[in-house]
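# Chains, contacts and geometry: an overview
Take a look at the letters that make up each chain.
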Amino acid sequence: MKRRSFISWGTAGLVALWSAIGVSLAAVVRFLTPSVFYEPPQAFKIGNPADFPFGPPTFLADEKIYVFRDREKGFAVASAVCTHLGCTVAYFTSDQRFHCPCHGSVFIADGSVQHGPAPRPLEWFEVTLARDGQLNVDKDKVVPPAYRLMV
Amino acid sequence: MNVIRDVWQSIVRRDPLSTDKGKSELVFLNLWLHIHPAKVKKENLKLKHTWYLGFITFFLFLILVTTGVALMCYYRPQSPQAYQDMKDLQFVVFLGRFLRNMHRWSAHGMVICVFLHMCRVFYTGSYKKPRQFNWVIGVFLFLLTLGLSFTGYLLPWDQLAYWAITVGTNIGSYAPVIGKQLRELLLGGHSVGESALLRFYVLHVAVLPSVMVLLTMVHFWRVRKDGGLSCPVWKLNQQKNGELVTIGASAETPSLSVATAAKDKTYGLMEVVTGKPIFETVTAEEEEDTVFSYPYAFFREAVALMATVTTVMALSLVWSAPLEELANPAKTPNPAKAPWYFLGLQELVSHSALLGGVVVPALAVLALMAIPYLDTNPSRRPADRKWAIRIFTIFVLINVILIIVGTFFRGPGWAMVPPWVHVTGAE
Amino acid sequence: MERRTPQIFFALSLIALGLILAAVWQANTPYWKIYQRDFHKLEARSEPNALAKAAVLAAPPVIQQVLLTGLQRVDRCTTCHLGVEDPTMKNAPQPFRFHPGLGPHIPSKFGCTICHGGQGLATEKIDAHGNVPFWQTPLLPKDYIRASCGRCHKEGDVPGVPELMEGRRLFETQGCRGCHKLNGVGGSIGPDLTTEGASHRAPDWLERHFLAPNVVSAGSAMPNFHFTKEQARALTYYMLSLTSEEMGSYYASVRLIPSASYGRQLFVEKNCIACHNIGGVGSKSGLDLLGVTKRHSAGWLDEQLVNPALVYPGSSMPVYDLETNARKALVTYLASATAEDAQLMLAKAPKQLTPEDAAIEAGRQNFARFGCVGCHGLQLQGGVPNPNAQGGEVPSLLHASDDYTKDEVIAIIRNGKVPPTENSAKPAPPLYMPSWKAVLTEEDINRIADYLWSIQQKKESW
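Residues numbered from 1 in each chain as written. Chains lettered and ligands numbered in written order. Predicted model: local features only at pLDDT ≥ 70, side-chain atom pairs only at ≥ 80, totals over all residues. Heavy atoms only, no water.

### Brief notes about the side chain of C:Q456
Residues and elements named next belong to chain C. The condition is simple: Only DSSP runs of H or I reaching four residues or more are called helices, and only runs of E reaching two or more are called strands; each is numbered from the N terminus. For each residue, the accessible area found with a 1.4 Å probe, counting protein chains only, is set against the maximum for its type, and the residue is called buried under 20%, exposed over 50%, and partly exposed in between. Pairs of residues are marked as contacts when any of their non-hydrogen atoms sit within 4.5 Å.
Along the polypeptide, Q456 turns up in helix α23 (residues 442-460). We classify Q456 as buried; its relative accessible area is 3%. Ignoring any residue separated from it by four or fewer positions in sequence, one finds Q456 in contact with L397, L398, H399, A400 and S401.

### Some remarks on the pairing of strand β3 (residues 65-70) of chain A
Strand residues, when the strand is regular, have side chains that alternate between the two faces of the sheet. All names here are of chain A. For the record, the criterion: For two strands to pair, DSSP has to find at least two bridges joining them.
Burial of β3 is extensive: five of the six residues sit out of reach of the surface. Hairpin connection from strand β2 (residues 58-60) to β3: four residues lie between these consecutive antiparallel strands, with K64 at a positive phi of about 55°. In this structure, β3 lies alongside strand β4 (residues 74-79), joined through six bridges in antiparallel fashion. Of the residues in β4, the one forming a bridge with R69 is F75. Turn length for the β3-β4 hairpin, with the two strands adjacent in sequence and antiparallel, is three residues.

### Quick look at the nonpolar core
To be explicit about the condition: For the purposes of this section, nonpolar cores are sets of buried Ala, Val, Leu, Ile, Met, Phe, Trp, Tyr and Cys residues that join through side-chain atoms within 4.5 Å.
One finds A:V89, B:W135 and B:L154 to be the most contacted residues of the largest nonpolar core, which totals 71 residues. Take this core: its biggest share by element is eight residues, from helix α7 (residues 132-154) of chain B. Filtering out sequence-adjacent residues up to four positions away, A:V89 remains in contact with A:Y66, A:A80, A:C82, A:F98, A:H99, A:C100, A:F107 and A:L122. In terms of nonpolar packing, the next biggest core, distinct from the first, is built from 27 residues, B:L53, B:L208, B:V303 and C:A23 among them.

### Brief notes about the interface of chain B and chain A
What counts is decided by this rule: Take the accessible area each of two parts loses on contact, using a 1.4 Å probe, and add the two losses: that sum is the buried area. Between Lys or Arg on one side and Asp or Glu on the other, a salt bridge is scored when a side-chain nitrogen of the former is within 4 Å of a carboxyl oxygen of the latter. By the criterion applied in these results, polar contacts are pairs of N or O atoms within 3.5 Å in which, for protein atoms, one can donate a hydrogen and the other can accept it, and in which residues neighboring in sequence qualify only through two side-chain atoms. Polar here means any residue outside two lists: the nonpolar Ala, Val, Leu, Ile, Met, Phe, Trp, Tyr, Cys and Pro, and the charged Asp, Glu, Lys and Arg; Gly therefore counts as polar.
Contacts between the two partners involve 29 residues from chain B and, on the opposite side, 22 residues from chain A. For the pair chain B and chain A, the summed buried surface comes to about 2100 Å²; carbon and sulfur atoms form 57% of the total. On the surface where chain B and chain A come into contact, there are zero salt bridges. Where chain B meets chain A, there are eight residue pairs in polar contact (both at pLDDT 80 or more). For the side of chain B that touches chain A, the secondary-structure elements that each account for two or more residues are α8 (159-172), α9 (179-187) and α13 (340-351) of chain B. The element contributing the most residues to the side of chain B that touches chain A is α8(B), with six residues. Each residue belonging to the side of chain B that touches chain A can be placed in one class, and the counts come to 14 nonpolar, 13 polar and two charged.

### Some thoughts on the packing of helix α13 (residues 260-269) of chain C against helix α17 (residues 324-336) of chain C
All names here are of chain C. As a reminder, the rule being used: Orientation is described by axes fitted as lines to C-alpha atoms, over the contacting stretch for helices, and by angles from 0 to 180 degrees between their N-to-C directions. Note on terminology: angles under 35 degrees are roughly parallel, angles over 145 are roughly antiparallel, angles of 65 to 115 are roughly perpendicular, and the others are oblique.
At a closest axis distance of 7 Å, the pairing of α13 and α17 adopts a crossing angle of 100°. Between α13 and α17, the interaxial angle falls into the category roughly perpendicular. In this structure, α13 uses A260, Y262, G263, R264, L266 and F267 to contact α17, whose residues at the interface are A326, A329, L330, T332, Y333 and L334. Taken together, the residues of the contact of α13 with α17 break down into nine nonpolar, two polar and one charged.

### What to know about the sheet that holds strand β8 (residues 113-115) of chain A
Residues and elements named next belong to chain A. Read across the open sheet, the four strands follow the order β5-β6-β7-β8; overall the sheet is antiparallel. At either margin of the open sheet sits one strand with a lone partner, and together these are β5 (90-92) and β8. Averaged over all pairs of adjacent strands, the angle between their axes in this sheet comes to 35°, without regard to strand direction. Of the strand pairs in this sheet, strand β6 (residues 97-99) and strand β7 (residues 106-108) are connected by three bridges, and their pairing is antiparallel. For R97, the partnering residue across the bridge sits in β7 and is I108.

### Remarks on the interface of chain A and chain C
If you look at the interface, chain A gives seven residues, while chain C gives eight residues. Looking at the side of chain A facing chain C, the largest losses of area belong to A:A50, A:D51 and A:R71, adding up to 65% of the total buried there. A salt bridge links C:K181 to A:D51; the shortest N-O distance between them is 2.9 Å. The tally of links from chain A across to chain C stands at one residue pair in polar contact (both at pLDDT 80 or more).

Okay, structure coming up:
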């Protein structure tokens, strides 16, 4: 190499190599990120409003939600997944609370934490009425606890 | 006959083991054994110095790899076949129950022994200069052991597995910035399901063992290059300042002491370079305390290996690993507990997920790694290190107590229930 | 120390060898091998000569596995229960005894656990029988095993298990659907019973529950129907049969039992007597079916049922979409059909009803079918306790016309009605009138109202 260039070929080569490694790493992370999910869908229909009783909520095990139906205010859907570490909470009619079996978190009926290590209240999901009259729940859309669907 | 002797000598090219030359060649001509020095200090081999915990940990790893590969012939990482395969191993596969038990008890044993090994290295001060980075590699090996145990825990796909991993990955999601994405990458989805099972399987049988092997190689290599097995604590008072010199030793190390070359020893001359000294030296007195690795070190290691193997086998014959009901995402068992080595963590997490689950453990790990750099006291004698020993002992005790509380004192709903109180009908 | 270390190594190696041998011995001597050996000894006793005896005794022990992909299970029960298909083992001690009455349900096609429960994957007695922690379907007690027939045979009758038909009949007529959904139809006051058989509730719990719902299930609003023990058992059988078994196509195709009684049921259902006659009894427009199975082969008759126009072009016999076993049942019935039987059918046939009476009859059937009788009573007398409702119980419908117009009643059936609360401080009443507009058509609702009004009129005319 007779002429001293601004950047030597060796340096340029290293820059190219590190860039290639960087791009590969980013590509690997994208590779590992799933594009489809072999899971139940996040938005789904749960049936007709008439199918849900008043009073204690209906637990849907596969979807992990509690469906509340109030005579005056209508429908509300709460997540059954404890905000602490993901265990499924159980609703007890005796004290109208959600109890988590894993570390003892207790949520009152509007989802807020009464005591226990849970950092956040239970999430409430948007429930709407679909065109065919069935109830539509979307777990990707979190709504405030006061949200109700009047049918 | 000459033919047999020739064939034998073409494979085994060393001198007979009855000669000193043969004993040395067994070590440095052999691929598998040449990590050993040809001669070791007798005192360093004493049981009470290291309890051979490092070796035992490694032998347990070998048992895990062997039994693991065997189990792989009968296990499919799919739901629900995974659970059925566990039942098959228990009822139908010849030695299936035995091999699975060996795998599980070796795993528990390895977690215990790697922790005890870390304690031993700390108490004998064997992490001090120039072995600091080897300690750090050791901490990584400890984390890898926990990681292998965690990924393996999901594979039986029963209720215990499913919920332990749900809890564990949710703890990880509390990590700032990357927590949620890391959890999704690990699970291949939003919750523990088929993708999680497959990914944990890949981690457990391929990725983590490879990293473990690579780091173990570095760890052994470094032990060798940092001066071999450390000197026992009770010999420290008699130690002269003629320390071993290693590659890259700084200018502050004392100059080499000169000894006359012995007649029956060969010295290799690798290269003449200027700069720092590059080969080990041994004082004349220390030379008298050394023995050949074969048979001294080797038979001790062999005893450690056989003791480990027979203990694991005996346990596996009488004590069976548990298998609960098939994983059911709709039903959380009460209480839902992580494996025992994570129960201390779960106890912390039950008080605060971010602080207890991420911050405190992360700080603890960083503090562990920093020990050799924070501890500038060059002395290894216990009398000179009282506070270091006290602080570390407190750390160990806290861990043990947390695990005991999590195991025995936490009942349904994670309520504090002493083990002598009988709780009925927890559902 | 240097002689001792190799000695310790040697000792430990011997121990290791011993432990390996112990593990191999343990793996090689499971209990099922002993059972198999004992079975071979039993078999050898009935062998004629020494050579045959030796051959049987020398048979190697092997795990017997039935792979049932269509039923999504694997059963290994026959590893110990080796005499299940061997009639000579009628008096053998368990586990070798012959299983009487298997019929087509041989283990190689059906396994064992689909009827009996238990843990088919296991090869040890206690684990296989399923009474172990973490296995939720233990062996069904002897008294209830026949309920499993209903897991597959959900339609038609099941010979030998009258409890299933009785249970089904009770369910449909006592008004259970008023509160409980089954296969999507019914109310939602109580739990959905579509998969009650798979809920892993113990059979005796179910039976006790039917006899005293409030005692067994604390706080339940289910009224006590005062069932007899036999009725409770029949209902328990029916409940136990309600599993959601996923079955391969082979099993789905054999669910209907092609019995003569089912064939007769179909004959009546499809009203064949409207066109055909048997020995002259019935309609003359179609052919006489007496002895038809002697004149034509079963295959020919089957083809007739599938495609009547094939043999008689221009035939006015409609195409009935019957599955294979349903057609077989009809043919089986025809083999034994008599003119006297045809006479019985004609006698029982419903009389011609006026349009008004037909509507009332349809309403009466709806009223029972959709479970209204469960709360309002078989005689519409009401009386089921409803704590904290005004009146304290479900109202009688006999005087509905006093308080409501017919249109108001139709609106109540359509939209439901919540009973007014007696004391607002106490919890709301558990029972309420559900909304039926998603389940019943407007026509059905109107017919129910017609039926109710017909009852009112009767009362008034007293």
